[in-house]
Amino acid sequence: MLNVSLYRYNPETDEAPWMQDTQIDTAGKDLMVLDVLERLKATDPSLTFRRSCREGVCGSDGVNMNGKNGLACITPLSETVKNNKLVVRPLPGLPVVKDLVVDMSMFYAQYEKIQPYLINNTPAPGIERLQTPEEREKLDGLYECILCACCSTSCPSFWWNPDRFIGPAGLLQAYRFLADSRDTATEERLSRLDDPFSVFRCHGIQNCVSVCPKGLNPTRAIGHIRNMLLQRAT
Amino acid sequence: MGMVTSITNYGRSGLSDWMAQRVSGVVLLCYVVFLTFFMLTNPALTFNEWEALFQQNWMRTFSLLALLSMIVHAWVGLWSVTTDYITTRQLGAIGTPLRLFLQGVAALLAFYYLVWGIQILWGI
């Protein structure tokens, strides 16, 4: 029997969040954390969490498992359980809507700020805007982000200033468009990032790198942005 | 959400703060390495030798540079700490007045140390 401790909070009935201790029979199988949550929900339908594709593509079920953020659907128990105990909490730093569901508004607001779309005001050619294989390669390790928020909500700088620090997820995407050979708004994008908070609240502790379920490296992308700012200003 | 603004950080832009922090850090590192080297190579250091070192103009200049670097370094660092933890988000309405008060204390202390440091360096 696996000991499971779940963060529960229903703002309509609970005065404060509480931890629900329960047990589940895994029959010796190395289940994914999402399977455990689904089984628990079968016995207690009030348990609330987000999930969709159940294969690490949609980014809906980002939660904190035994202290580390990750996607419940692709985190096997063998990877996270210690001393036969699984503790599941919502992603830290964001307001809790109910149980494991957090309000992602601040996260999306930061994403919106970096203008996550291609800006190019030159007339569109008859065919696609072409890139060389080398130019396309620069987007590898950037475009794969699924916006699960595991990185930004593991970042203390984002916890303290979620309204001013863009956070690792947003900055990874900021660099994705700065690095795109088809985007012509580089100067405008950089000038929007050169304040003491948006980029420079990153102190390089790499929590984002250690939790990213897609194996991406926001810290490196932030370093590239800093270098671009430096090149532009010196 | 518009551009993020700030009037209390060291150099107005995030990049200039970042640069100031790196440059001042390198100066402080050089100063510490030099003093450590000096003391290791003069194991039986006397007061007179120590005084002679600080009577040279280049040493006074180097020391003043290190002192200024420490002030800049401390300001950039403490500004980050206060704007992380002493905020309206963390503490409610008291956040902003308390942060400005603490930043004022830090600025006053830094200025006092600067004056005091100059008095010591050129008073030897």
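Remember, it's a predicted structure, so these values are computed and weren't measured experimentally.

Analysis parameters
- Residues numbered from 1 in each chain as written.
- Chains lettered and ligands numbered in written order.
- Predicted model: local features only at pLDDT ≥ 70, side-chain atom pairs only at ≥ 80, totals over all residues.
- Heavy atoms only, no water.
- Helix = DSSP H or I, 4+ residues; strand = E, 2+ residues; numbered from the N terminus.
- Buried < 20%, exposed > 50% of the residue type's maximum accessible area, 1.4 Å probe, protein only.
- Contact = heavy atoms within 4.5 Å.
- Expected span 1.5 Å × (residues − 1).
- Pairing = 2+ DSSP bridges.
- Axes fitted to C-alpha atoms, helices over the stretch in contact; angles between N-to-C directions.
- Buried area = accessible area lost by both parts, 1.4 Å probe.
- Salt bridge = Lys/Arg side-chain N within 4 Å of Asp/Glu carboxyl O.
- Polar contact = N/O pair within 3.5 Å; in protein donor to acceptor, adjacent residues only side chain to side chain.
- Nonpolar A, V, L, I, M, F, W, Y, C, P; charged D, E, K, R; others polar.
- Phe/Tyr/Trp six-rings, centres within 6.5 Å; stacked < 30°, edge-to-face > 60°.

Section: the overall build of chain A
Here is step 1: Secondary structure summary: chain A contains nine helices and seven strands in total.
Here is step 2: For chain A, the spread of C-alpha atoms along the three principal axes comes to 60 × 35 × 30 Å.
Here is step 3: Buried positions account for 46% of the 234 residues belonging to chain A.
Here is step 4: For chain A, restricting intrachain contacts to residue pairs at least 6 apart in sequence, the fraction spanning at least 24 positions comes to 64%.

Some points on helix α5 (residues 95–121) of chain B
Residues and elements named next belong to chain B.
Here is step 1: Its 27 residues give α5 an end-to-end C-alpha distance of 38 Å, which sits within 8% of 39 Å, the value for a rise of 1.5 Å per residue.
Here is step 2: The complete set of buried residues in α5 reads Gly95, Arg99, Gln103, Ala106, Ala110, Leu114, Gly117 and Leu121.
Here is step 3: Contacts made by the buried residues of α5 are with α2 (47–55), α3 (57–85) and α4 (88–91).

With respect to the sheet that holds strand β1 (residues 2–8) of chain A
Residues and elements named next belong to chain A.
Here is step 1: As summarised here, the arrangement of the five strands in space is β2-β1-β5-β3-β4, forming an open sheet in which the pairing is mixed. Each edge of the sheet is formed by a strand with only one pairing partner; in this case those strands are β2 (18–24) and β4 (68–71). Taking the axes of each pair of neighbouring strands and ignoring which way they run, one obtains an average angle of 30° across the sheet.
Here is step 2: Taken together, the four bridges between strand β3 (residues 62–65) and β4 define a ladder with antiparallel strand orientation. Bridging from a neighbouring strand, Val63 pairs with Gly70 of β4.

Focus on the interface of chain B and chain A
Here is step 1: Facing 19 residues of chain B, the contacting portion of chain A comprises 24 residues.
Here is step 2: When chain B packs against chain A, the two sides together hide about 2,000 Å² of surface, and 65% of this comes from carbon and sulfur.
Here is step 3: Counting the contacts that link chain B with chain A gives two salt bridges.
Here is step 4: For the salt bridge of Arg201 of chain A with Asp84 of chain B, the shortest nitrogen-to-oxygen distance reads 2.8 Å.
Here is step 5: In this structure, the connection of chain B to chain A is made through eight residue pairs in polar contact (both at pLDDT 80 or more).
Here is step 6: Among the secondary structure elements, those contributing two or more residues to the side of chain B that touches chain A are α1 (14–41), α3 and α4 of chain B.
Here is step 7: If you tally residues by element for the side of chain B that touches chain A, the top one is α3 of chain B, at five residues.
Here is step 8: Residue composition of the side of chain B that touches chain A, grouped by class: eight nonpolar, eight polar and three charged.

Observations regarding unusual backbone geometry
Residues apart from glycine generally show negative phi values, whereas peptide bonds are mostly found in trans.
Residue and element names in this part refer to chain A.
Here is step 1: You will see that Asn83, though not glycine, has its phi angle at about 50°, which is positive.
Here is step 2: Structurally, Asn83 can be placed in the loop between α2 (77–80) and β5 (85–89).
Here is step 3: Despite not being glycine, Asn84 has its phi angle at roughly 60°, a positive value.
Here is step 4: Tracing the backbone shows Asn84 in the loop between α2 and β5.
Here is step 5: Overall, the relative accessible area of 37% leaves Asn84 in the partly exposed class.

Some words on the environment of Gly215 of chain A
Residues and elements named next belong to chain A.
Here is step 1: Here Gly215 shows up in the loop between α8 (207–211) and α9 (218–233).
Here is step 2: What makes Gly215 exposed here is its relative accessible area of 64%.
Here is step 3: For the pair formed by Gly215 and Val88, sequence separation is 127 residues and the distance between their alpha carbons is 22 Å.

Focus on the packing of aromatic side chains
Residues and elements named next belong to chain B.
Here is step 1: Inspection of the entire model under this criterion finds 13 aromatic pairs over all chains.
Here is step 2: Ring centres 6.4 Å apart and planes at 50° place the aromatic pair Tyr112 and Tyr113 in the tilted group.
Here is step 3: For Tyr112, a relative accessible area of 51% translates into the label exposed.
Here is step 4: The class for Tyr113 is partly exposed, based on a relative accessible area of 36%.
Here is step 5: An aromatic cluster of three or more residues is present, and its members are Tyr31, Phe34, Phe38, Trp50, Phe54, Trp58 and Phe62.

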